Amino acid sequence: MRALVVVGLLAVIALVIVVVAVVRDTQSKAGTAAGCPDGWQLVDLRLREQKDVKLNVYNATDEAGRAGLVADDFRNRKFQVKKVGNEKKAFDGVAMLRYGPKGVGSAHLLRAYFLNEAERKFDPNRKDDSVDVVLGNGFQQLATTTEVNQSLGDLGAPEAPPETCPMPVEK
């Protein structure tokens, strides 16, 4: 009986400490739109499902038709492929992801499909939520579902690019 009273008392004390900490929290607006410096852009960090990700696939390799094959692979994985074409300039890396403020979370997901070997290029002036996937000469294949899941775990949560702030989460 005595142990039960002690446990109950500890629970009440813990609850009081949590309530006081939440009420006195001075950083509650840090990292949100309300705490965003003037001139910094808001970005969408939501990690979307494949079916909600819009992408364009461009070939910057020496192999003709590569973008079409990879676009089909993305479609089979339920992505919304909007455009397929060739990039004007060759690229030696694995891939490059180009995106704007509305595509940050989608680009984060796509990084996992390249096992975090894709270069990222954030364009603060881009208005749409699609991501350009530019395939380079170092590209071999997209990661398997297991590899993607593991890579997402390694990547952690999406982060806002420099001099941007996370958009408020819609409730």
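Residues numbered from 1 in each chain as written. Predicted model: local features only at pLDDT ≥ 70, side-chain atom pairs only at ≥ 80, totals over all residues. Heavy atoms only, no water.

*Asks:* I'd love a proper account of the state of the cysteines, names of residues and values included.
*Replies:* Considering all chains together, one arrives at 1 disulfide under this definition. One disulfide in the model links Cys 36 with Cys 165; its S-S distance is 2.3 Å. Here the S-S torsion is close to 90°, and the disulfide linking Cys 36 with Cys 165 is therefore right-handed. Within this pair, whereas Cys 36 is found in the loop between helix H1 (2-23) and strand E1 (41-43), its partner Cys 165 is found in strand E7 (residues 164-166), the two being separated by 129 residues in sequence. (Disulfide = S-S within 2.5 Å. Helix = DSSP H or I, 4+ residues; strand = E, 2+ residues; numbered from the N terminus.)

*Asks:* Can you tell me about helix H2 (residues 66-76), naming the residues and giving the values?
*Replies:* Looking only at H2, the buried set comprises Arg 66, Ala 67, Val 70, Ala 71 and Phe 74. One side of H2 carries all its buried residues, which in axial view fall inside an arc of 125°. Seen from the open side of H2, the exposed residues pointing more than 90 degrees away from its buried face are Leu 69 and Asn 76. Where H2 is buried, its residues touch strand E2 (54-59), strand E3 (80-86), helix H3 (104-113) and strand E6 (131-135). Once H2 ends, the next one or two residues include Lys 78, with phi positive near 80°. (Buried < 20%, exposed > 50% of the residue type's maximum accessible area, 1.4 Å probe, protein only. Arc of directions from axis to C-beta. Contact = heavy atoms within 4.5 Å.)

*Asks:* So what's going on with the environment of Pro 162? Which residues, and what values?
*Replies:* Locating Pro 162 in the fold gives a position in the loop between helix H4 (145-155) and E7. Of the residues examined, Pro 162 reaches a relative accessible area of 74% and is grouped as exposed. Sequence separation of Pro 162 and Gln 41 is 121 residues, and the distance between their C-alpha atoms is 9.8 Å.

*Asks:* So what's going on with the pattern of salt bridges? Which residues, and what values?
*Replies:* Throughout the structure, instances matching the rule amount to 11 salt bridges. A salt bridge links Asp 132 to Arg 98, with the shortest nitrogen-to-oxygen separation between them at 3.4 Å. On the criterion of sequence distance, the pair formed by Asp 132 in strand E6 and Arg 98 in strand E4 (residues 95-99) is long-range, its members being 34 residues apart. What you see here is one network of salt bridges that share partners, running through Glu 87, Arg 98, Arg 126, Asp 128 and Asp 132. (Salt bridge = Lys/Arg side-chain N within 4 Å of Asp/Glu carboxyl O.)

*Asks:* Could you give an account of the confidence of the model for the chain, naming the residues involved and the relevant values?
*Replies:* Averaged over every residue, the pLDDT of the chain is 87; residues scoring 70 or more account for 80%. Contacts from residues 26-32, a stretch scored under 50 in pLDDT, to residues over four places away or in other chains number 5 contacts. (pLDDT = per-residue confidence, 0-100.)

*Asks:* With reference to specific residues and values, describe the side chain of Ser 151.
*Replies:* Structurally, Ser 151 can be placed in helix H4. The contacts of Ser 151, once residues within four sequence positions are left out, are Ala 112, Leu 115 and Asn 116.

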